[in-house]
Amino acid sequence: MSEAVSIPTHVGFILDGNRRWARQQGLPTLEGHRRGYDNLKDIARAAIDRGVSFVSAYVFSTENWNRTPKEVKYLMELAYKMLTKDVTELHKDNIRVLWLGSKERVSEKLITAIRDAETLTQHNTKGTLCICFNYGGQQELADAIMTMATTKNLGEITPKTISNFLYRPEVPNIDLLIRTSGEERTSGFMLYRAAYAELLFVKKFWPDFSINDLSDALTVFAKRQRRFGS
């Protein structure tokens, strides 16, 4: 049996290729991150305008701490800017902001900005932008299991039980997972929620991924027949 679908409820993006885009353009690496950051705001708004309820963006993984201190510092600054200055624009657009990730190694300043952004936008209803920052799919499962292990009267452990202990359990499973830059792997993104996601690998680097590319991706998704093991 198969199920025809049109607009996905939840689209996840692996924002890959910012540094390669910058090198291709003869620009500093950090400029690639800035352009990718600007593009995320445009693409998230466009997806929500088209009826997508949840947009998740893999913006900083738990492995990204291994990059140079200069690059890590810049990525932290971009995240802080989004969660303080730019969140007001998202709020005006009635978009809710959520953070999914580990608090380990994240500065108290950034954690406060995250909490403030979530509080400011908590009642917005047009759509939700999930910022996956200091996120790792394996770490999310490890954190969920650790919390479960210390929970009294847990009862029978089922897939639903596990999903209730993920970061922000109100976020539904991913329907469409898009990775840019031509790489064809998920890099641990949303391991649990992406179990039955439709995968789409795009050759363009993330800063070049346009609203037209988004529309094309949604068209591809609408033509697919989803199967859930039946």
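Treat the numbers as computed from the prediction; the structure is a model and nothing was measured.

1. Describing the overall build of the protein
Next up, step 1: If you tally the helices and strands in the protein, you get 7 helices and 8 strands.
Next up, step 2: On C-alpha atoms alone, the protein measures out to a radius of gyration of 18 Å, which is about the 17 Å that the 2.2 N^0.38 rule sets for 230 residues.
Next up, step 3: Counting only C-alpha atoms, the protein reaches 55 × 45 × 35 Å along its principal axes.
Next up, step 4: Burial status across the protein gives 48% buried among its 230 residues.
Next up, step 5: As displayed, the protein offers around 11800 Å² of accessible surface, 51% of which is attributable to carbon and sulfur atoms.
Next up, step 6: Of the side-chain charges in the protein, 32 are positive and 27 negative, and the distance between the mean point of each set is 2 Å.

2. Regarding the side chain of Arg45
Next up, step 1: Secondary-structure assignment places Arg45 in helix H2 (residues 29-49).
Next up, step 2: Given the relative accessible area of 19%, Arg45 is considered buried.
Next up, step 3: A distance of 2.9 Å separates the side chain of Arg45 from the side chain of Glu89, its partner in a polar contact.
Next up, step 4: Leaving out residues up to four positions away in the same chain, Arg45 has contacts with Glu89, Leu90, Asp93 and Ile95.

3. Focus: the sheet that holds strand E3 (residues 54-61)
Next up, step 1: In space, the 6 strands of this open sheet follow the order E4-E5-E3-E2-E6-E7, with parallel pairing throughout. Unpaired on one side and paired on the other, strand E4 (95-100) and strand E7 (198-201) mark the two borders of the sheet. Neighbouring strand axes in the sheet, compared pairwise and without regard to direction, differ in orientation by 20 degrees on average.
Next up, step 2: Sheet analysis places E3 next to strand E5 (residues 127-135), joined by 7 bridges and oriented parallel. The partner of Ser56 across the bridge, within E5, is Cys130.
Next up, step 3: Relative to E4, helix H4 (residues 108-121) is tilted by about 145 degrees, and along the sheet it contacts E4 and E5.

4. Focus on the pattern of salt bridges
Next up, step 1: Enumeration according to the criterion identifies 22 salt bridges in this entry.
Next up, step 2: Residue Arg193 pairs with Glu140 through a salt bridge whose shortest N-O separation is 3.0 Å. Placement of Arg193 in the loop between strand E6 (176-179) and E7 and of Glu140 in helix H5 (residues 137-149) is noted, with a sequence separation of 53 residues between them. Exposure class is identical for Arg193 and Glu140. Each is buried.
Next up, step 3: Residues Glu170 and Arg168 are paired through a salt bridge, measuring 3.0 Å at the closest nitrogen-oxygen approach.
Next up, step 4: The partly exposed category is assigned to Glu170, whose relative accessible area is 36%.
Next up, step 5: Salt bridges linked by common partners bring Glu31, Arg34, Asp38, Lys41, Lys81 and Asp86 together as one network.

5. Here's the deal with the environment of His10
Next up, step 1: When you line up the elements, His10 lands in strand E2 (residues 10-14).
Next up, step 2: Residue His10 is classed as buried on the basis of its relative accessible area, which comes to 0%.
Next up, step 3: A sequence separation of 217 residues divides His10 from Arg227, and the C-alpha atoms of the two residues are 17 Å apart.
Next up, step 4: Excluding residues within four positions of it along the chain, His10 makes contact with Phe54, Val55, Ser56, Val171, Pro172, Asn173, Ile174, Asp175, Leu176 and Met190.

6. Brief notes about the side chain of Asn134
Next up, step 1: With respect to the element layout, Asn134 can be found in strand E5.
Next up, step 2: Residue class for Asn134 comes out buried when judged on its relative accessible area of 3%.
Next up, step 3: Within the structure, Asn134 has its side chain in polar contact with the side chain of Trp65 (distance 2.7 Å).

7. With respect to the packing of helix H3 (residues 69-92) against H4
Next up, step 1: In contact at an axis separation of 10 Å, H3 and H4 are set at 15 degrees when each is read in the N-to-C sense. The angle between H3 and H4 falls in the class roughly parallel. You can see that H3 and H4 cross each other, and the crossing is left-handed. Where H3 abuts H4, its residues Met76, Ala79, Tyr80, Leu83, Thr84, Val87 and His91 lie against Lys109, Leu110, Ala113, Ile114, Ala117, Leu120 and Thr121.
Next up, step 2: Considered class by class, the residues forming the contact of H3 with H4 number 10 nonpolar, 3 polar and 1 charged.

Rules used in this analysis
Residues numbered from 1 in each chain as written. Predicted model: local features only at pLDDT ≥ 70, side-chain atom pairs only at ≥ 80, totals over all residues. Heavy atoms only, no water. Helix = DSSP H or I, 4+ residues; strand = E, 2+ residues; numbered from the N terminus. Rg over C-alpha atoms; globule rule 2.2 N^0.38 Å. Buried < 20%, exposed > 50% of the residue type's maximum accessible area, 1.4 Å probe, protein only. Areas by Shrake-Rupley, 256 points an atom, 1.4 Å probe, with all protein chains shown as cover. Lys, Arg positive; Asp, Glu negative; His and termini not counted. Charge placed at Lys NZ, Arg CZ, Asp CG, Glu CD. Polar contact = N/O pair within 3.5 Å; in protein donor to acceptor, adjacent residues only side chain to side chain. Contact = heavy atoms within 4.5 Å. Pairing = 2+ DSSP bridges. Axes fitted to C-alpha atoms, helices over the stretch in contact; angles between N-to-C directions. Salt bridge = Lys/Arg side-chain N within 4 Å of Asp/Glu carboxyl O. Parallel < 35°, antiparallel > 145°, perpendicular 65-115°, else oblique. Left-handed = near helix turned anticlockwise from the far one by under 90°. Nonpolar A, V, L, I, M, F, W, Y, C, P; charged D, E, K, R; others polar.

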